[in-house]
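What follows is each chain in one-letter form.
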Amino acid sequence: MADTSFIPGPDMVRAYRDALGCFGTGVTVVTTMTPNGPLAITVNSFTSVSLDPPLLLWCPARSSLRHDTFVAAQHFAIHVMAEDQLLMAKHFAAHGEDFSPFSWAPNANGAPALESVLARFDCSHYATHPAGDHSIILGQVDNVTTRPGKGLMFKRGQYGGFLQQS
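Residues numbered from 1 in each chain as written. Predicted model: local features only at pLDDT ≥ 70, side-chain atom pairs only at ≥ 80, totals over all residues. Heavy atoms only, no water.

J.: Describe in detail helix H3 (residues 86-94), supporting the description with residues and values.
T.: Here H3 has its buried residues at Met 88, Ala 89, His 91 and Phe 92. Viewed along the axis of H3, the buried residues span an arc of 160°, placing them on a single side of the element. Those residues of H3 that are exposed and angled more than 90 degrees off the buried face are Leu 87 and Ala 94. Contacts made by the buried residues of H3 are with strand E2 (28-34), strand E3 (37-43) and strand E8 (112-114). (Buried < 20%, exposed > 50% of the residue type's maximum accessible area, 1.4 Å probe, protein only. Helix = DSSP H or I, 4+ residues; strand = E, 2+ residues; numbered from the N terminus. Arc of directions from axis to C-beta. Contact = heavy atoms within 4.5 Å.)

Structure representation (structure tokens):
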């Protein structure tokens, strides 16, 4: 099969998204507390930035109705979803204000902490930078909680697990 090359632009958005989809990512849910209650958003644009100080980043779309709230949040929690938490990830992608199906409690910073995730990074806002049609939100990690298990992955528009070899 021959390689395909193109210059990203308005007429190549689908091809560009398909190319980006070749890179598998983990799935996270980011939460914060608002005056109206807890708020969540499902994201896969998450990465470690620095070990000293411990910094993470994630990137909400500027078109998201939840964008401005998360940009203004002083504290948030990033939850790494386990392989069996697809329903939770999909729920918060569509219904960010509805926490009723899931167990949670406020963490030390007041952000909603979801139960039974693979890892949770409790963060304080460090910086926000504009980045095209998204924003880059940097969080300084105040606390980390982990448990054993397999992670939920997203690749080429599909969710799945990670095959572990022995």
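J.: So what's going on with the layout of surface pockets? Which residues, and what values?
T.: There is about 1200 Å³ of room inside the largest pocket. Residue lining of the largest pocket: 33 residues in total, with Arg 17, Leu 20, Asn 44, His 134 and Phe 154 positioned closest to the centre. Listing elements by their share of the lining of the largest pocket, those giving two or more residues are helix H1 (13-20), E3, strand E10 (134-146) and strand E11 (153-155). (1 Å grid on protein atoms, 1.4 Å probe; cavity = no way out; pocket = protein on both sides within 12 Å on 5 of 7 lines; lining within 4 Å. Points joined across faces, edges and corners; volume = space filled by probe spheres on them.)

J.: Describe the nonpolar core, listing the residues and the values that go with them.
T.: Core analysis: the biggest nonpolar cluster contains 14 residues, and Val 30, Trp 58, Phe 70, Phe 76, Ile 78, Phe 121 and Cys 123 have the highest contact counts within it. Elements that contribute at least two residues to this core include exactly E3, strand E5 (54-58), strand E6 (75-80), strand E9 (119-131) and E10. Excluding residues that lie within four positions of it along the chain, Ile 78 makes contacts with Thr 28, Val 29, Val 30, Phe 46, Leu 56, Trp 58, Ala 119, Arg 120, Phe 121 and Cys 123. Listed in part, the 12 residues of the second largest apolar core include Val 27, Ala 40, Phe 99 and Leu 114. (Core = buried A, V, L, I, M, F, W, Y, C linked by side-chain atoms within 4.5 Å.)

J.: Now, about the pairing of E3: what can you tell me, with residues and values included?
T.: Among the 7 residues of E3, 7 are classified as buried, and the element is accordingly described as predominantly covered. The pairing of E2 with E3 spans 7 bridges and is classified as antiparallel. Bridge assignment links Val 30 to a residue of E3, and that residue is Ile 41. With antiparallel pairing between neighbouring strands as the criterion, E2 and E3 make up a hairpin whose turn holds 2 residues. (Pairing = 2+ DSSP bridges.)

J.: Describe the pairing of E10, naming the residues involved and giving the relevant values.
T.: As paired strands, E5 and E10 are joined by 4 bridges and run antiparallel to one another. What sits directly across from Leu 56, in E10, is Gly 139. In this sheet, E10 lies alongside E9 in antiparallel orientation, the contact comprising 12 bridges. Bridged to Cys 123 within E10 is Val 141. Hairpin connection from E9 to E10: 2 residues lie between these consecutive antiparallel strands, with Gly 132 at a positive phi of about 65°.

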